[in-house]
Amino acid sequence: MTQTTWNQEPHPARLEERLDDDVVRCHLSPRNCRIRPGQHGFCMVRANRDGRLVTLNYGRSVHATEETIETEAVFHYAPGARILSMGNVGCMLNCDYCHNWKTSQARYVEDKDVYHYTPEEVVDIAVRHGIKVISWTYNDPVVWHEFVVETAALAKAAGIVNLYKSAFFISGEAIEELIPVIDIFSVSIKSLDPKYYRKITKGWLEPVLEGTEQVYRAGKHVEVSTLMVTDLSDDEKTAREMATFVGERLDPSIPTHFVRFHPDYKMTDTIRTPVDRLERARKVAMDMGLNHVYLGNVYDTESTNTWCSQCGLLQVTRYGLNADLVGVDADGNCASCGTRAPLKLLPDARRRSKVQELPAGGDLDVASFDWHGDVRALHVQMRNESDAPATAYTRRYGDPAADGSWEIVELKPQESFRYIAAKSTPDELGVQVAIPDRCTSSLHQVFDRAHFPTVEVAAGTLNQDVSPLPLFQPGTRR
Ligand code: SF4
């Protein structure tokens, strides 16, 4: 893994149509951009170089990050599984509230946030850290098509599951190339209102719905989510329309997530979605016949848990980005009545080795971070600066009833590793990291799920309980 000037190495692109006068058309997303020599498409990461379509972000990624599958609005596949999240640069949409705008909008990307991975390196990170799922996520994997397809195939051959978390403004042709290698699709449907799509996302609705149906019909594991934006899409109408789409064009058993919004990017003059509106939307969708409706970015509610549809036994408890299987046996059946649970399980997907105490006499520096306000998750980045392997440790602290043991993180020489720590119980106070003195570390506050923070805690923030950094300022571009 190296850091580079991110857009200076064009790579041949798929889904190219060559037109007259060296013009090319890109068939990756429904925009079908017609691109003249030297120009780029809407996403700014696909371009025409000498009459051929190229991609400018092949292998260019934000830092690979270990998270949990709940981060991706996936609740019915391997609850609690550790995943390796891979995000890239650019997007085929430009949503007014994007919380990853520093990486999704290519004009604002800074080289310091971009790393270069090969497909082999991505798979190697997952294998060495015992991670069973790779998630293609954050800004949006659609505009990373060539790298995703190649790497996912390599990962699949290594026994790793691939998860695709996307706004899914993508062509049917491109989906056909994903179907052989992607196992799980988590689709973010922003709204069921065509006018909303045009105005807020700069895309359009129907291809998103058609694409979701396409992967569902192909037999893939599908979950759908909607960001309920305060006063824009957090109403009963959105809930009814989502329930109609899922119930009529997919299946009522598809998990559906209503996700809490926070002010960001161009939409900061508002407030977080009131939780009672989310609960109301959930009730409306369930009353219309959906079997599994969950809330996202909401703590201290039972609307994130899973119960047995037959006997009502609590099967999965969730707190934030953490999940515990409490009523399901090893075969995936209800622990009380034996009915098949609506979950796919993945053996050993959760495990990381632990120790009760830090090694005595070690050269360890311990740093602490306290949860505060709406910040209940943190990216921890640690780098082994030496040419010898190193062992670091991490734990949650402050809840006497919870497991306070230290999880072990093994780092190879010169490895930079990043993972999420998310508040796991109401009484937990924060997270601690213990690293050897030949390692360095940095902390990055996470504001809600699937957010990739580009700013360190040390940089501070104007309203550090609810506002992300950096603030968007119109006119500041690269
Ligand atoms: S991915 Fe979409 S936005 Fe980007 S060049 Fe292709 S058609 Fe245009």
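These numbers come from a predicted model, not from an experiment.

Peer 1: Got a minute to help me understand the overall build of the chain in this structure?
Peer 2: Within the chain one finds eight helices and 28 strands. In terms of principal-axis extent, the alpha carbons of the chain reach across some 70 × 60 × 45 Å. In the chain, which comprises 478 residues, the share counted as buried stands at 59%. The contacts of the chain with a sequence gap of at least 6 include a subset with a gap of at least 24, amounting to 71%. Here the chain has roughly 18,900 Å² of accessible surface; of this, 47% comes from carbon and sulfur atoms. Measuring between centres, the 53 positive side-chain charges of the chain sit 4 Å from its 66 negative side-chain charges.

Peer 1: Would you mind going over the packing of aromatic side chains with me for this structure?
Peer 2: Here a ring pair, both rings aromatic, is described through the centre-centre distance and the interplanar angle of the planes. Enumeration according to the criterion identifies 16 aromatic pairs in this entry. Centre to centre, the rings of Trp101 and Tyr265 are 5.4 Å apart; their planes meet at 15°, and the pair counts as stacked. Note that Trp101 is positioned in helix H1 (residues 101-104) and Tyr265 in the loop between strand S16 (256-260) and helix H8 (275-287), a separation of 164 residues in sequence. With respect to class, Trp101 is no different from Tyr265; both count as buried. The ring centre of Tyr299 lies 3.9 Å from the NZ or CZ of Arg376, which sits over that ring.

Peer 1: Whenever I open this one, unusual backbone geometry confuses me. Can you help?
Peer 2: Where the residue is not glycine, phi is negative for most of them; where a peptide bond is considered, it is trans in most cases. Of note in this structure, Asp300 is not a glycine but carries a positive phi near 55°. Within the secondary structure layout, Asp300 lies in the loop between strand S17 (293-296) and strand S18 (306-307). Phi at Gln414 is positive, roughly 65°, even though this residue is not glycine.

Peer 1: Looking at this structure, I do not really get the sheet that holds strand S2 (residues 11-12). What am I missing?
Peer 2: The pairing of strands in a sheet comes from backbone hydrogen bonds and takes either a parallel or an antiparallel form. Sheet architecture is open: three strands sit in the order S2-S7-S6, paired in antiparallel fashion. Unpaired on one side and paired on the other, S2 and strand S6 (46-49) mark the two borders of the sheet.

Peer 1: What's the story with the pairing of strand S15 (residues 221-228) in this structure? I'm lost.
Peer 2: Strand residues, when the strand is regular, have side chains that alternate between the two faces of the sheet. Among the eight residues in S15, eight count as buried, and that is most of the element. With burial as the criterion, each face of S15 is covered, one bearing His221, Glu223, Ser225 and Leu227 and the other bearing Val222, Val224, Thr226 and Met228. Sheet topology places strand S14 (residues 184-188) next to S15; five bridges connect them, and they run parallel. What sits directly across from Ser186, in S15, is Glu223. Two strands pair when backbone bridges link them, and S15 and S16 are joined in this way by five bridges, in the parallel orientation. Bridge assignment links Leu227 to a residue of S16, and that residue is Val259.

Peer 1: What is the right way to read the site of the ligand from this model?
Peer 2: The immediate surroundings of the ligand are formed by Cys26, Leu28, Ser29, Arg31, Asn32, Cys33, Gly41, Phe42, Cys43 and Arg46. When its residues are assigned to classes, the shell around the ligand shows five nonpolar, three polar and two charged.

Peer 1: Where do I start with the side chain of Thr273 in this structure?
Peer 2: Along the chain, the position of Thr273 falls in the loop between S16 and H8. When near neighbours in sequence (up to four residues on either side) are disregarded, Thr273 contacts Met228, Thr230, Asp234, Arg260, Phe261 and Leu278.

Peer 1: I'm lost on the packing of helix H7 (residues 236-249) against H8 in this one. Help?
Peer 2: Each pair of packed helices can be described by the angle between their axes along with the distance between the axes. Their axes nearest at 8 Å, the elements H7 and H8 cross at an angle of 35°. The chirality of how H7 crosses H8 is right-handed. Contact residues: H7 offers Glu236, Ala239, Arg240 and Ala243, while H8 offers Arg280, Ala281, Val284 and Ala285.

Peer 1: Would you explain the domain arrangement of the chain in this entry?
Peer 2: Note on interface size: it is often stated as the accessible area lost on association of the parts. Per the domain assignment, the segments of the chain are domain 1 (2-55), domain 2 (60-325) and domain 3 (354-459). Here the C-alpha centroids of domain 2 and domain 3 sit 25 Å apart. Between domain 2 and domain 3 the total buried area reaches about 2,700 Å² when both faces are included, carbon and sulfur atoms providing 52% of it. Counting the surface domain 2 buries against domain 3, the share from its top three residues, His63, Tyr299 and Tyr319, is 20%. Where domain 2 meets domain 3, there are three salt bridges. Its salt-bridge partner being Glu415, residue Arg128 comes within 2.9 Å of it at the nearest N-O pair. Summed over the shared surface of domain 2 and domain 3, the number is 11 residue pairs in polar contact (both at pLDDT 80 or more). Put simply, the parts of the chain that give the side of domain 2 that touches domain 3 at least two residues each are strand S9 (65-68), H1, helix H2 (119-128) and S16. In terms of residue count, S9 provides more of the side of domain 2 that touches domain 3 than any other element does, four residues in total. Of the residues contributing to the side of domain 2 that touches domain 3, the split by class is 12 nonpolar, 13 polar and 12 charged.

Peer 1: What exactly am I supposed to notice about the pattern of salt bridges here?
Peer 2: Oppositely charged side chains can form a pair if their charged atoms are brought close together. Within the structure shown, the criterion is met by 29 salt bridges. Across the pair Lys412 and Asp124 runs a salt bridge whose closest N-O atoms are separated by 3.9 Å. Of the two residues, Lys412 is situated in the loop between strand S25 (406-411) and strand S26 (416-422) and Asp124 in helix H2; the sequence distance between them amounts to 288 residues. The partly exposed category is assigned to Lys412, whose relative accessible area is 39%. With a shortest N-O distance of 3.4 Å, Arg352 and Glu407 are connected by a salt bridge. Of the two residues, Arg352 is situated in the loop between strand S20 (322-325) and strand S21 (354-355) and Glu407 in strand S25; the sequence distance between them amounts to 55 residues.

Peer 1: Looking at this model, I keep getting lost on the sheet that holds strand S22 (residues 364-370). Mind explaining?
Peer 2: Here we have five strands laid out as an open sheet, ordered S21-S25-S24-S27-S22, and antiparallel in their pairing. Whereas interior strands pair on both sides, the edge strands pair on one side only; in this sheet they are S21 and S22. Relative to S25, S21 runs antiparallel, the two sharing two bridges. Of the residues in S25, the one forming a bridge with Val355 is Trp406.

Each value, and the rule that gives it
Residues numbered from 1 in each chain as written. Predicted model: local features only at pLDDT ≥ 70, side-chain atom pairs only at ≥ 80, totals over all residues. Heavy atoms only, no water. Helix = DSSP H or I, 4+ residues; strand = E, 2+ residues; numbered from the N terminus. Buried < 20%, exposed > 50% of the residue type's maximum accessible area, 1.4 Å probe, protein only. Contact = heavy atoms within 4.5 Å. Areas by Shrake-Rupley, 256 points an atom, 1.4 Å probe, with all protein chains shown as cover. Lys, Arg positive; Asp, Glu negative; His and termini not counted. Charge placed at Lys NZ, Arg CZ, Asp CG, Glu CD. Phe/Tyr/Trp six-rings, centres within 6.5 Å; stacked < 30°, edge-to-face > 60°. Lys NZ or Arg CZ within 6 Å of the ring centre and 35° of its normal. Pairing = 2+ DSSP bridges. Near = heavy atom within 4 Å. Nonpolar A, V, L, I, M, F, W, Y, C, P; charged D, E, K, R; others polar. Axes fitted to C-alpha atoms, helices over the stretch in contact; angles between N-to-C directions. Left-handed = near helix turned anticlockwise from the far one by under 90°. Domains from an automatic or database assignment. Buried area = accessible area lost by both parts, 1.4 Å probe. Salt bridge = Lys/Arg side-chain N within 4 Å of Asp/Glu carboxyl O. Polar contact = N/O pair within 3.5 Å; in protein donor to acceptor, adjacent residues only side chain to side chain.

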